[in-house]
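One-letter residues, chain by chain:
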Amino acid sequence: MADWGPVLIGVVLFILFQPGLLFQIPGKNRHVEFGTMKTNGKAIAVHTLIFFAFYAVLTFAVHVHIYTG
């Protein structure tokens, strides 16, 4: 049986934490901007850290597993 939990969590978090899609930290003109669809290097770095933190917590600490087959 394949464990699809980490894969599914990674895809969902990647979509949600794209800089500029829902929010952007730090924004171009403010600390937090919503729905701008624009990004910069600082925002990419911050969103990478946020993604890794949430992914690590959900896969290692909470042990989310989705089995198929």
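**Q** How should the packing of aromatic side chains be read in this particular structure?
**A** Two aromatic rings, taken as a pair, are described by how far apart their centres are and by the angle between their planes. Within this structure, the stated rule accounts for three aromatic pairs. Relative to Phe-54, the ring of Phe-17 lies with its centre 5.1 Å away and its plane at 55 degrees, an arrangement referred to as tilted. In this pair, Phe-17 sits in the loop between helix H1 (5-16) and strand E2 (23-24) while Phe-54 sits in helix H2 (residues 41-61), placing the two residues 37 residues apart along the sequence. On the basis of relative accessible area, Phe-54 is assigned to the partly exposed category, the value being 43%. A connected cluster of aromatic rings, assembled from ring pairs, spans Phe-17, Phe-23 and Phe-54.

**Q** I keep staring at unusual backbone geometry and nothing clicks. Help me out?
**A** Both trends apply: most residues other than glycine have a negative phi, and most peptide bonds are in trans. Cis geometry marks the peptide bond from Ile-25 to Pro-26, where omega comes out at -15 degrees. With respect to the secondary-structure elements, Pro-26 resides in the loop between E2 and strand E3 (33-34). Although it is not a glycine, Met-37 adopts a positive phi angle of roughly 60 degrees. According to the relative accessible area criterion, Met-37 is exposed, its value standing at 61%. Of note in this structure, His-63 is not a glycine but carries a positive phi near 60 degrees. Relative to the helices and strands, His-63 is located in the loop between H2 and strand E4 (67-68).

**Q** For this particular structure, what's the right way to read H2?
**A** Residues spaced three or four apart along an α-helix point in a common direction, a consequence of the helix completing one turn every 3.6 residues. In a regular helix each residue adds 1.5 Å, so 21 residues correspond to 30 Å; H2 covers 29 Å between its end C-alpha atoms and thus fits that length. Buried within H2 are the following residues: Ala-43, His-47, Ile-50, Ala-56 and Thr-59. For H2, the secondary structure elements touched by its buried residues are H1 and E2. Two or three places before Lys-42, at the opening of H2, Asn-40 has a side-chain oxygen 3.3 Å from that residue's backbone nitrogen. One or two steps after H2, the chain reaches His-63, where phi turns positive at roughly 60 degrees.

Each value, and the rule that gives it
Residues numbered from 1 in each chain as written. Predicted model: local features only at pLDDT ≥ 70, side-chain atom pairs only at ≥ 80, totals over all residues. Heavy atoms only, no water. Phe/Tyr/Trp six-rings, centres within 6.5 Å; stacked < 30°, edge-to-face > 60°. Helix = DSSP H or I, 4+ residues; strand = E, 2+ residues; numbered from the N terminus. Buried < 20%, exposed > 50% of the residue type's maximum accessible area, 1.4 Å probe, protein only. Expected span 1.5 Å × (residues − 1). Contact = heavy atoms within 4.5 Å. Polar contact = N/O pair within 3.5 Å; in protein donor to acceptor, adjacent residues only side chain to side chain.

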